[in-house]
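# Chains, contacts and geometry: an overview
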Amino acid sequence: MSGDEPLLPARVHRPADLVRLLLGILAVAVVVAIATFAHGTTEGLEQDIGKGAGQAPPLLISFAGFASSVAVLIVPVAFAIERLIKRDGLRIADGVLAAVLAHGVALATDLWVARTAPDSIQDALTQQAPNGEITDPVHGYLAPVIAYMTAVGMAHRPRWRVVLWGVLLLQVFAVLVGGFATPFSIILTVLIGWTVAYGTLYAVGSPNVRPTGQNLLAGLRRVGFRPVSALRAEDSEEEAEEEADADRQDRGRRYIVTLEDGPPLDVTVVDREQQAQGFFYRVWRRLALRGITQRRSLQSLRQALEQEALLAYAAIAAGANAPKLIATSELGPDAVMLVYEHVGGRSLDALPDDMLTDELLRSTWRQVQALQSRRIAHRRLVGDAILVDRSGAVVLTDLRGGEIAAGDLVLRMDVAQLLTTLGLRVGAERSVAAAVDILGPDAVADSLPLLQPIALSRGTHATLRHLAKERAQREREAVLEASHAAREADGATSAADRKSLRAEKNAEKKAIDEAIEEAREEDLLAQIRQQILVIRPQAPVEPARLERIRPRTLVSFIAGALAAYFLLSQLTHVSFKDVIAEANWYWVAAALLFSAVSYLAASLSLLGFVPEKVSFVRTVLAQVAGSFVKLVAPAAVGGVALNTRFLQRAGVRPGLAVASVGASQLVGLGVHIVLLMIFGYLTGTERTPSMSPSRTVIAGLLTAAVLALIVTAVPTLRKFISTRVRSLFAGVVPRMLDIMQRPQKLITGIGGMLLLTLAFVMCLDASIRAFGGELSYASIAVVFLAGNALGSAAPTPGGVGAVEATLTLGLIAAGLDKEIATPAVLLFRLMTFWLPVLPGWLSFTQLTRKQAI
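No experiment lies behind these values; they were computed from the predicted model shown.

Okay, the overall build of the protein chain next. Scanning the protein chain for helices and strands turns up 34 helices and 11 strands. Counting the 853 residues in the protein chain, one finds 45% classified as buried. The contacts of the protein chain with a sequence gap of at least 6 include a subset with a gap of at least 24, amounting to 77%. Accessible area for the protein chain stands at about 43,000 Å²; split by element, carbon and sulfur atoms hold 63% of it.

Looking now at the pattern of salt bridges. Overall, the coordinates contain 15 salt bridges when judged by the stated rule. Here E359 ties to R362 by a salt bridge, and the two come within 3.3 Å at their closest N and O atoms. A residue pair is termed a helical-turn pair when its members lie 3 or 4 positions apart in one helix, as E359 and R362 do in helix α15 (residues 358-373) at 3 residues. A residue is classified by how much of its surface remains accessible, and R362, at 23% relative accessible area, is partly exposed. When the shortest N-O distance is used, the salt bridge between D442 and R536 registers 2.9 Å. One end of the pair, D442, is in helix α18 (residues 441-446); the other, R536, is in the loop between α21 (524-535) and α22 (551-571), and 94 residues separate them in sequence.

Under the 1.5 Å per step criterion, the end-to-end length of helix α17 (residues 428-439) is 16 Å for 12 residues, consistent within 8% with the ideal 16 Å. Listed in full, the buried residues belonging to α17 are A428, S431, V432, A434, A435, V436, I438 and L439. Where α17 is buried, its residues meet α15, α16 (408-426), α18 and α21. Phi for G440, located one or two positions after α17, is positive at around 95°.

Let us now look at a nonpolar patch on the surface. Nonpolar side chains collect at one region of the surface, where L23, L26, V30 and I34 lie side by side and expose about 340 Å² of accessible area between them. Relative to the elements of secondary structure, L26 occurs in helix α1 (residues 15-37). Here L26 falls in the exposed class, since its relative accessible area comes to 52%.

Of note, the phi angle at R375 is positive, near 55°, even though the residue is not glycine. Tracing the backbone shows R375 in the loop between α15 and β10 (386-388). Relative accessible area serves as the criterion here: at 35%, R375 is assigned to the partly exposed category. With phi around 55°, D398 is a residue other than glycine that occupies positive phi space. Assignment of secondary structure puts D398 in the loop between β11 (394-396) and α16. Relative accessible area serves as the criterion here: at 21%, D398 is assigned to the partly exposed category.

Glancing now at the confidence of the model for the protein chain. Detailed conclusions should not be drawn from predicted coordinates in areas where pLDDT is low. Averaged over all residues, the pLDDT of the protein chain is 76; the fraction at 70 or higher stands at 68%. The least confident element of the protein chain, judged by mean pLDDT, is helix α10 (residues 237-242) at 37; the most confident is α15 at 94. Confidence drops under pLDDT 50 across residues 493-499; counting only partners more than four residues distant or on other chains, this segment forms 4 contacts.

Further remarks concern the environment of Q531. By secondary structure assignment, the location of Q531 is in helix α21. By relative accessible area, Q531 is classed as partly exposed at 26%. In the structure, Q531 is positioned 103 residues away from A428 in sequence and 7.0 Å away in space, judged by C-alpha atoms. Excluding its chain neighbours within four sequence positions, the residues that come into contact with Q531 are A428, E429 and V432.

For an α-helix, 3.6 residues make a turn, and residues three or four places apart therefore share a direction. Among the 10 residues in helix α6 (residues 142-151), 10 count as buried, and that is most of the element. Taken residue by residue, α6 has L142, A143, P144, V145, I146, A147, Y148, M149, T150 and A151 as its buried positions. Looking at the residues trailing α6, positive phi occurs at G153, about 85°.

If you walk across this open sheet you meet the 3 strands as β9-β10-β11, and the pairing is antiparallel. In the strand order of this sheet, the two ends are held by β9 (346-347) and β11, each with one partner. Both β10 and β11 contribute to a ladder of 3 bridges, which runs antiparallel. Bridging from a neighbouring strand, V388 pairs with V394 of β11. Contacts between α15 and the sheet are confined to β10 and β11, with β11 contributing the most and set at about 35° to the helix.

Mapping D110 onto the fold places it in helix α4 (residues 89-115). Take D110: its relative accessible area is 15%, and that puts it in the buried class. Not counting chain neighbours up to four residues away, the residues in contact with D110 comprise D136, P137 and V138.

So, on to the environment of V269. Locating V269 in the fold gives a position in strand β6 (residues 265-271). Taking relative accessible area as the criterion, V269 reaches 2% and is therefore assigned buried. Spatially, the C-alpha atoms of V269 and G252 are 5.4 Å apart, while their sequence positions differ by 17 residues.

Further remarks concern the nonpolar core. W365, L418, L419, V444, L451, I528 and I532 are the most contacted members of the largest nonpolar core, which has 50 residues in total. The set of elements that each furnish at least two residues to this core consists of α14 (301-317), α15, β10, β11, α16, α17, α18 and α21. When sequence neighbours within four positions are dropped, the list of residues in contact with I528 reads L419, T420, A428, V432 and L451. Among the nonpolar cores identified, the runner-up in size contains 37 residues, and A583, L764, L807 and A824 belong to it.

So, about the packing of aromatic side chains. A complete count under the given rule lists 5 aromatic pairs for this structure. Between F784 and F828 the ring centres are 6.3 Å apart and the planes differ by 80°, which places this aromatic pair in the edge-to-face class. With a gap of 44 residues between them, F784 in helix α31 (residues 777-793) and F828 in helix α33 (residues 818-834) connect regions that are remote in the sequence. Residue F784 is classed as buried on the basis of its relative accessible area, which comes to 6%. A relative accessible area of 3% means that F828 is categorised as buried. The structure contains a cluster of three or more aromatic residues connected by ring pairs, namely F760, F784 and F828. Of note, R829 hangs over the ring of F833, and the distance from its end group to the ring centre comes to 4.6 Å.

Among the 7 residues that make up strand β8 (residues 335-341), 6 are buried, leaving the element largely enclosed by the rest of the structure. Pairing geometry for β6 and β8, over 7 bridges, is antiparallel. Along β8, the bridge assignment pairs V267 with V339.

Scoring rules and cut-offs
Residues numbered from 1 in each chain as written. Predicted model: local features only at pLDDT ≥ 70, side-chain atom pairs only at ≥ 80, totals over all residues. Heavy atoms only, no water. Helix = DSSP H or I, 4+ residues; strand = E, 2+ residues; numbered from the N terminus. Buried < 20%, exposed > 50% of the residue type's maximum accessible area, 1.4 Å probe, protein only. Contact = heavy atoms within 4.5 Å. Areas by Shrake-Rupley, 256 points an atom, 1.4 Å probe, with all protein chains shown as cover. Salt bridge = Lys/Arg side-chain N within 4 Å of Asp/Glu carboxyl O. Expected span 1.5 Å × (residues − 1). Patch = residues over 30% accessible without salt bridge, like charges linked within 9 Å, V, L, I, M, F, W, Y side chains within 5 Å. pLDDT = per-residue confidence, 0-100. Pairing = 2+ DSSP bridges. Axes fitted to C-alpha atoms, helices over the stretch in contact; angles between N-to-C directions. Core = buried A, V, L, I, M, F, W, Y, C linked by side-chain atoms within 4.5 Å. Phe/Tyr/Trp six-rings, centres within 6.5 Å; stacked < 30°, edge-to-face > 60°. Lys NZ or Arg CZ within 6 Å of the ring centre and 35° of its normal.

So, in structure tokens, the structure goes:
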């Protein structure tokens, strides 16, 4: 007897360990937050424990301290000896590594609390011990012991678990009652040890305890079968590539088992590791989607077994072709198996196109109709879940994620999913026609609002996204080819007749437009919608609102919270009374004026790269609206997306709108670098007797040159940079050629960029002068350009935090006093970032109402 299968990895990275790591980090953050803001609570808790400690007998405290100190060292050593005797040394090595890392984290936390942490945190985590010394915020020996015990798995062994908890409780009692720790210190110590242990386990991997083919054979014999061999069912290459999708990761390992007598069996083995796959995706779907029941994010193995068995029996009772379940059993504490009658054949994904006949499509829909007649939802009608056996019959497999007594919305989602799955193979027309023949036009039309990516499986969504990229690439290539052909024709005509230049340009533009129209392709979902509307013109076309929480809403909330935190953390160090009293309000008004000029300059810099006619007033409103968008998105992302959307709504074709914004960004980057080099050179000459740059400027240029040489010399980096530059220039270069034929537009765009930089530099200068400071314009320009570059790269909304820190440090390095630099930067950010938020929201709302964005 043998179990033939690919070798399982010796170690696996368990998603459950990652979940526990993240929960531990979150718990540590909550404890620190409570210690920071709930100062009265921490003091009250410490006083209550102190009163209780005063009533405890000193002999009891001494005995508990001595016993726990000895036990906390003996118990880990004893467990290590026991594991070594059983030849499980790798687990002990994991525990030692976790202990070392926990000790390092404990030391780092102690240093942070002692030197830089706020006073409230120091008060919550430390106190004066009976011996007169200050206690440690994190116990340097207790955290490693907890990490060690967690990493080696003592908590999973009942006898050792009792000893473990007894030792920990005794130790906690001794240090708390003895006055050598605070409650929050103990909690933080336990959380650090626990978190570091699971972080270590996830990083290095845990020993693989998944059952092998031999375990499977033994389990089959226990339920009455006489197996000869178990052959691991190999997935196709395409399926193996998709195995990372959360829709497929928890399907289990499949075996074909040969018996001594009788037909073979199909066996699915599910273990705890596979149950945890896709945890974060399921949590997100559960939170984000409304009206849809998701299976529990963390099912027990028995729950998973019972659900799949119930769905298998229900599908057969409904009259659908599904694998017949004949036995179930546990394979130890960490795995279960489901035994089915063997179904030979190939999946829909593996069938060649010529075998996908209309009768096969209708047969597939009949199986779905049988399920829906009993209100059973499959929830995963993708190609690999549809099996065609040797007789040509369609069998529905992978029912584990299905649903009994499903609602109308989920049943309609199944129809939309299968329409898309079949449409990817045979096209929209044949897919819809087969569905209408079996389900009827009304049932198919009801699925129309569900034809949206979020309602489909992740694998299908990824396929549609890949096809969209290929379609966009074909359209781009067609436009480039038409543009090239038109330019060649213009060149030949221009040599013959120079008077027809304007007509030639119009002809070139017409040729490009015709190429775009010819290359334009509709996506598959749009094609399916059109086919359904041909059958039912009155069918509802408005997409159903499935999202309860959109990613944009979540990002906006998190970004807003971070922005508020950064702002409040800065403002706590500023005395507003002194700032208001010392500020020169004439220069404050000048700063406000220069801030307003920046929006006019931003409009010019964008319109200079748009040959089409676009309203200047609406463009200014769009730039003002960008002030609101920057509050909820990184500066380099929000403005680009808003301008692209605005140009599309203004009548510019999507590809050309992206190219215009890309050209503006590319030229802006070049202007930014040139200005930084020029002003950097001028700043260096201000501090040297001759017109030669300072050593700092020379060092910066040499560093940039060395980095460029490294990128050029390393093939991987060179390929990485060249690929992205090539993709950028593919759409931007044709647009730049159009702009260069109109010098007035190019001058407008570059002039707008220069005016934009000048407005911001003057705004910063006015902010400095408002508090009595003064710097050269070259120094201010260098500080602003460096801070703006860092702000664009920072992931925080509008570069909050990064910009303020960079500008403040830059101004101080340029010779400005800290007492002037800090309020000046805050005033500058108030004028250019925070104050325009309300006008930006009003502009955003107005443009949205007028469908201009």
